[in-house]
Amino acid sequence: MPARRYIHSLLLTSLFALAAGGRAVAGDAGPPLRVMSLNVCNDQLLMLLLPPERITSVTWLSRVEGDPDLLAIAQRLPVNHGSAEEVLAARPDLVVAGRFTTGTTRRLLRRAGIPMMEIDPVMDWEGIRRVTREVAHRVGAVERGEELIAAMDADLAALATERPAVPVRVMGWGGASEDVPAADTLFNTLLEAAGGVNVASSVQPRGYDVEQVLRMAPEVLMRGSAYTGRPALRDAAALHPALRQRYAGRILTYPEGVYGCGSPPASRWARRLAQALREVRAAGSP
Amino acid sequence: MSRRGLLLLLGTTVALLCLLSLMAGRTGLAAPALLFDADPETQQLARLIFLELRLPRMLLGLLVGASLGLCGAVLQGLTRNPLAEPGLLGVSSGAALGAVIAIYSGAGAALPLAVPVAGLAGALVASLLTLALGSGGGLLVLVLAGAAVSALMVTGTALALNLAPNPYAVWEISQWLLGSLTDRSWQQLLLALPFMLAGLALLATCGRGLNALSLGELTAASLGVDIRRLRWQALAGTALAIGAATAVTGAIGFIGLLAPHLVRATSGHEPARVLLPSALMGAALLLAADIATRLMPFAQELKLGVLTGLIGAPFFILLVLRMKREAP
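For clarity, every value in this text was computed on a predicted model and none was experimentally measured. (Residues numbered from 1 in each chain as written. Chains lettered and ligands numbered in written order. Predicted model: local features only at pLDDT ≥ 70, side-chain atom pairs only at ≥ 80, totals over all residues. Heavy atoms only, no water.)

Within a regular strand, the side chains alternate between the two sheet faces. Residues and elements named next belong to chain A. Of all five residues making up strand β2 (residues 55–59), five are buried, and the element is well covered by its neighbours. Of the strand pairs in this sheet, strand β1 (residues 35–37) and β2 are connected by two bridges, and their pairing is parallel. Each bridged residue has a counterpart across the sheet, and for Met36 the counterpart in β2 is Ser57. Crossover β1 to β2 through helix α2 (residues 40–49) is right-handed. Note: β2 against strand β3 (residues 79–80), two bridges, orientation parallel. Within β3, the residue paired with Thr59 across the bridge is Asn80. Each parallel crossover has a hand, and the one from β2 via helix α3 (residues 68–76) to β3 is right-handed. (Buried < 20%, exposed > 50% of the residue type's maximum accessible area, 1.4 Å probe, protein only. Helix = DSSP H or I, 4+ residues; strand = E, 2+ residues; numbered from the N terminus. Pairing = 2+ DSSP bridges. Right-handed = clockwise from strand over helix to strand, strands pointing away.)

Rendered as structure tokens:
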């Protein structure tokens, strides 16, 4: 068995070496020309930092849902599904992968010597600053990166006066236990910046159902808008009559792509959320 | 115990389980007295929890359980096969496939009635397929045909969920294959109700014909029973009751198999006398399983099919062993 595995890896490695075709390996010599992203969060950073012609492809997920500005860019870009074959076919100068990128793809790229940087998911503003600078530096867009970060910091400063004075108790509910964002999430970071507090971050019962949501009594429910218009069974629970009755006008929708992936424009969405929370408060919650 | 005693016992058990089902929740809010609480906030919350969540869930458990129990008894009588039941014959998985297509394609959102109707159509197609494949081949061929059709329908369900535009669809596969009553609403119950009631009525009136059939097809025909009509009545009843029920709850296994066998020793072996006790037993089993899913101390709520399978599968094995012993 080990022998077979060895032959297998040898074959694959030579395959990649052929595909790499003796091209100069981009590295510290200069900024890479064309960049490919294998992770939906890195898609956002690339689309923010680089002009479209320098992006080889982004993941198909970036066309599904997210910030409307970035969605529009993603519609015009080629898309990939995170596979090694696609990287070989596209021959980018740099691959930006994430921790959740298919492990096999990552290992094969490393072996084939295709330059790759790996970005861990971030959960807070400091993390967003860090990865934005990291990617900006590597792709040679340092100025653009600093611009984005400055805009984000301006938003965060503005939020200090825009958020409701008394935090609004909020819970994310998409109709199933796995749709409830808990502690240590970017959802929490955005929510807290916007003057909310996530009731599911301190109390975590064993699984959620509608009854549990009612008993936790948040003032506002937030439902991901990722797949609106693409029905699933959980929609019936997300918008159960008992919730619609009690939370009329207090169910906000949010783009899951923005709340799940840290990039500078998240601050703009935090300001929108602050506005929405203020409006719910003004309308008079119990 | 007499059949009358059995009916009394089962009736009382079902009534108690209904009450318990209303009291059982994951949050510990138990006393229906809170519906009349002095604090308007508590009263409103209790009203939502009892009237909008637990009451439709309890009624759904009662009706779906009774449908499965009754349908199992009728199918066992009709095919004269102790292993016949909607789950093993592929009817439940066919219904789930129909409902899955209707919901995830968006048809259900545009026209809610499409969901139970598609469930019914799926159940009908699956049962026709199983009967066509398995007829005339003896006890085991029918069960084999059911297994084949069931496999086809389950695969179809998985395929439909994989192809669904909503990526969460794949997460929901367990709900369709194992069944669940969590977070169902009046709307879902009321949509399925007319179909289920019509199906229950058709199934419940099969008794006399089934009794005659138990003496053999020729004898039954000589007694004036129209066997073709009886078959279609049982088939339509099954499609209506199981199709509509499964469209709301997903496929729930083994209750249709267990219920008739559990009551037969006491109620007598005449098919007509098994029907009512079997319906009550089915309701009791499903209500009890659904209460258990809420009270088990696990992080995730167990799916109904896990519990019915834990009791049903060993029983199925016992039945197979007994058949082996009795067969030459």
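Don't stop here, the text continues.
With that settled, consider the interface of chain B and chain A. With 37 residues of chain B in contact, the opposing surface of chain A contributes 26 residues. For the pair chain B and chain A, the summed buried area comes to about 3,000 Å², and 56% of that belongs to carbon and sulfur atoms. The largest share of the area that chain B buries against chain A comes from B:Arg26, B:Tyr168 and B:Asp183, three residues that together contribute 21% of it. Our count for the chain B to chain A interface comes out at three salt bridges. Put simply, B:Arg54 and A:Glu211 hold a salt bridge, and the shortest N to O gap is 2.3 Å. Where chain B meets chain A, there are 11 residue pairs in polar contact (both at pLDDT 80 or more). In terms of residue count, helix α2 (residues 40–79) of chain B provides more of the side of chain B that touches chain A than any other element does, nine residues in total. (Contact = heavy atoms within 4.5 Å. Buried area = accessible area lost by both parts, 1.4 Å probe. Salt bridge = Lys/Arg side-chain N within 4 Å of Asp/Glu carboxyl O. Polar contact = N/O pair within 3.5 Å; in protein donor to acceptor, adjacent residues only side chain to side chain.)

Residues that lie three or four places apart on an α-helix share one face, since the helix turns once every 3.6 residues. Residue and element names in this part refer to chain B. The end-to-end C-alpha distance of α2, which contains 40 residues, comes to 56 Å, matching closely the 58 Å that a straight helix rising 1.5 Å per residue would cover. Of all the bends found along α2, the most pronounced is centred on Arg54 and spans about 35°, while Pro56, a proline, follows it within four residues. Burial analysis of α2 places 29 of its 40 residues in the buried class, which makes it a mostly covered element. In the stretch just after α2, Arg80 is the one whose phi turns positive, near 50°. (Expected span 1.5 Å × (residues − 1). Bend = angle between axes of the 7 residues up to and from the residue.)

All names here are of chain B. Taking 1.5 Å of rise per residue, the 14 residues of helix α3 (residues 91–104) would be expected to cover 20 Å, and the 20 Å separating its terminal C-alpha atoms lies within 8% of that figure. By the criterion of burial, α3 is predominantly enclosed, with 13 of the 14 residues buried. Just downstream of α3, Gly106 is the residue with a positive phi angle, here 100°.

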